[in-house]
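Commentary on secondary and tertiary structure
Each chain, written out:
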Amino acid sequence: MDSIRQQLTAMPFVHNETTLAITVSAGISTYEKDGTKLEDLLLKADRRLYLAKGSGRDCVVDANNELEKSRKI
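Below, the structure is looked at part by part.

Calculation criteria
- Residues numbered from 1 in each chain as written.
- Predicted model: local features only at pLDDT ≥ 70, side-chain atom pairs only at ≥ 80, totals over all residues.
- Heavy atoms only, no water.
- Patch = residues over 30% accessible without salt bridge, like charges linked within 9 Å, V, L, I, M, F, W, Y side chains within 5 Å.
- Areas by Shrake-Rupley, 256 points an atom, 1.4 Å probe, with all protein chains shown as cover.
- Salt bridge = Lys/Arg side-chain N within 4 Å of Asp/Glu carboxyl O.
- Helix = DSSP H or I, 4+ residues; strand = E, 2+ residues; numbered from the N terminus.
- Buried < 20%, exposed > 50% of the residue type's maximum accessible area, 1.4 Å probe, protein only.
- Polar contact = N/O pair within 3.5 Å; in protein donor to acceptor, adjacent residues only side chain to side chain.
- Contact = heavy atoms within 4.5 Å.

**Notes on a nonpolar patch on the surface**
Side chains of M1, I4, L8 and M11 sit close together on the surface and give an oily, nonpolar patch of about 370 Å² of accessible area. Within the element layout of this structure, L8 appears in helix α1 (residues 2–10). The class of L8 is partly exposed, set by a relative accessible area of 38%.

**Here we look at the side chain of D34**
Tracing the backbone shows D34 in the loop between β3 (26–27) and α2 (38–54). A relative accessible area of 15% places D34 in the buried class. Among the polar contacts made by the side chain of D34, one reaches the main-chain amide nitrogen of T30 at a distance of 2.8 Å. A polar contact of 2.8 Å, which involves the side chain of D34, links it to the side chain of R48. Beyond its immediate stretch of four places on either side in the chain, D34 contacts I28, S29, D40, L41, K44, R48 and A63.

**Here we look at unusual backbone geometry**
Of note, the phi angle at E17 is positive, near 65°, even though the residue is not glycine. The topology assignment puts E17 in the loop between β1 (13–15) and β2 (18–20). Residue classification places E17 among the exposed positions, given a relative accessible area of 79%. Within the chain, E32 stands out as a residue other than glycine whose phi angle is a positive 75°. Mapped onto the fold, E32 is located in the loop between β3 and α2.

Read these as geometric descriptors, not functional statements.
Given below as C-alpha cells:
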C-alpha cells in the first residue's frame, strides 16, 4: 500500500492550470489478524486511518506500524 501512496503523491494533479500536491493517508486491517467480522475490520482500519492523519498525514498505518503500537489501539 505504501508504494501506491508514493506513486499517487508523485503524480502531478493539475486543476485550472494550478498544480496541487496530493497526499494519501490510509489505515489497513487484515482479515483474521485484526478480526473476522466486517464491522471489526472496518473499525480497526478506520482507527488506523485517523492515526495516519494525526501523525502528519501522507502515510500508511497497519498492524506493524510503530505509531500504532505506541498508542495501543
